[in-house]
Amino acid sequence: AQTVTQSQPEMSVQEAETVTLSCTYDTSESDYYLFWYKQPPSRQMILVIRQEAYKQQNATENRFSVNFQKAAKSFSLKISDSQLGDAAMYFCAYFPQGGSEKLVFGKGMKLTVNP
Amino acid sequence: EPEVTQTPSHQVTQMGQEVILRCVPISNHLYFYWYRQILGQKVEFLVSFYNNEISEKSEIFDDQFSVERPDGSNFTLKIRSTKLEDSAMYFCASLQGLYETQYFGPGTRLLVL
């Protein structure tokens, strides 16, 4: 079974600084998708970024970028120029291409942004 | 931008009562999901639905749960006889195709007393 591990339950960062959130996963599949979702205090799940496993190029979305290491099964999220609005729970998630259709989530990491 | 909507946003019910949580997925999406998140815990998959039938369900999704797509727009989750441990945030999600991204609704916060 696929598993997703977020080993850091909490992190903090100073406003305008850069922070990296780590995620590892376990799968025997070669084709899959990885996601980072953000959950602010409203508890809505908001997509931050997506990475296709077949792509070697790391995904970027404005201030958000990932470091995808397929061999190491590592998928970290870098937030540059952190803003107060980035404070939230961040969930890493895995989605297989074919087979099971469900997203498998990590336990989440609480990010605090200090002014 | 199209979005998944859910109603109600909050629901309080007595143990043993039936609840129906409603979702309107994005209109051209074909795959529909329910997930739940107990406070402070990770998001857990409940069930996926495609072509008017359940395609996968988790061990959480027992006989107390059912899903339905009664018309072309709504997707519902029914809990027949709620238990205290059903208190959670319930998220609906939809997906256009299996190579796409799941988009989540804002969630329904269910509290069972």
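Here, every reference points to the structure presented above.
Residues numbered from 1 in each chain as written. Chains lettered and ligands numbered in written order. Predicted model: local features only at pLDDT ≥ 70, side-chain atom pairs only at ≥ 80, totals over all residues. Heavy atoms only, no water.

Some words on the overall build of chain A
Counting its regular elements, chain A contains zero helices and twelve strands. From first element to last, N terminus to C terminus, chain A shows the α and β order β-β-β-β-β-β-β-β-β-β-β-β. Relative to a compact globule of 115 residues, whose C-alpha radius of gyration would be 13 Å, chain A shows 14 Å and is just as compact. Along the longest, intermediate and shortest principal axes, the C-alpha atoms of chain A span 45 × 25 × 20 Å. Within chain A, the fraction of its 115 residues that count as buried is 49%. In chain A, once contacts between residues fewer than 6 apart in sequence are set aside, the share between residues at least 24 apart is 55%. Charged side chains in chain A number 11 positive and 11 negative. The centres of these two groups are separated by 4 Å. (Helix = DSSP H or I, 4+ residues; strand = E, 2+ residues; numbered from the N terminus. Rg over C-alpha atoms; globule rule 2.2 N^0.38 Å. Buried < 20%, exposed > 50% of the residue type's maximum accessible area, 1.4 Å probe, protein only. Contact = heavy atoms within 4.5 Å. Lys, Arg positive; Asp, Glu negative; His and termini not counted. Charge placed at Lys NZ, Arg CZ, Asp CG, Glu CD.)

Here we look at the pairing of strand β9 (residues 74-79) of chain A
Residue and element names in this part refer to chain A. Among the six residues of β9, five are classified as buried, and the element is accordingly described as predominantly covered. Direction of pairing for strand β3 (residues 19-21) relative to β9: antiparallel, over a ladder of three bridges. Bridged to threonine 20 within β9 is lysine 78. Pairing analysis gives six bridges linking strand β8 (residues 64-69) to β9, with the strands arranged antiparallel. (Pairing = 2+ DSSP bridges.)

Let's talk about the environment of histidine 10 of chain B
Residues and elements named next belong to chain B. Among the structural elements, histidine 10 can be located in strand β2 (residues 10-13). We classify histidine 10 as exposed; its relative accessible area is 52%. Sequence separation between histidine 10 and arginine 109 is 99 residues; the distance between their C-alpha atoms is 4.6 Å. Side chain to side chain, histidine 10 and serine 9 meet in a polar contact 3.2 Å long. (Polar contact = N/O pair within 3.5 Å; in protein donor to acceptor, adjacent residues only side chain to side chain.)

Let's talk about the sheet that holds strand β3 (residues 19-24) of chain B
Residues and elements named next belong to chain B. Reading across from one edge, β1-β3-β8-β7 is the order of the four strands in this open sheet, with antiparallel pairing throughout. Only two strands of the sheet have a single partner each, and these edge strands are β1 (5-7) and β7 (65-68). Looking at each pair of strands side by side, their axes are set apart by 20° on average, direction ignored. Bridge count for β1 against β3 is three bridges, and the pairing is antiparallel. Across the sheet, threonine 7 pairs through a bridge with arginine 22, a residue of β3. (Axes fitted to C-alpha atoms, helices over the stretch in contact; angles between N-to-C directions.)

Description of the interface of chain A and chain B
Each partner contributes to the interface: chain A provides 20 residues, whereas chain B provides 26 residues. When the two sides are added together, the surface that chain A and chain B hide from each other amounts to roughly 2000 Å², 54% of it contributed by carbon and sulfur. Its largest share of buried area at the contact with chain B, chain A owes to Arg43, Glu101 and Phe105 of chain A, together 34% of the area lost on that side. One can count one salt bridge joining chain A with chain B. Here glutamate 56 of chain B and lysine 102 of chain A are joined by a salt bridge, their closest N and O atoms 3.9 Å apart. Viewed at the interface, chain B and chain A are joined by five residue pairs in polar contact (both at pLDDT 80 or more). Of all the elements, strand β5 (residues 32-39) of chain A adds the most residues to the side of chain A that touches chain B, at four residues. Residue composition of the side of chain A that touches chain B, grouped by class: nine nonpolar, six polar and five charged. (Buried area = accessible area lost by both parts, 1.4 Å probe. Salt bridge = Lys/Arg side-chain N within 4 Å of Asp/Glu carboxyl O. Nonpolar A, V, L, I, M, F, W, Y, C, P; charged D, E, K, R; others polar.)

In short, the description is geometric, and any link to function would need to be established separately.
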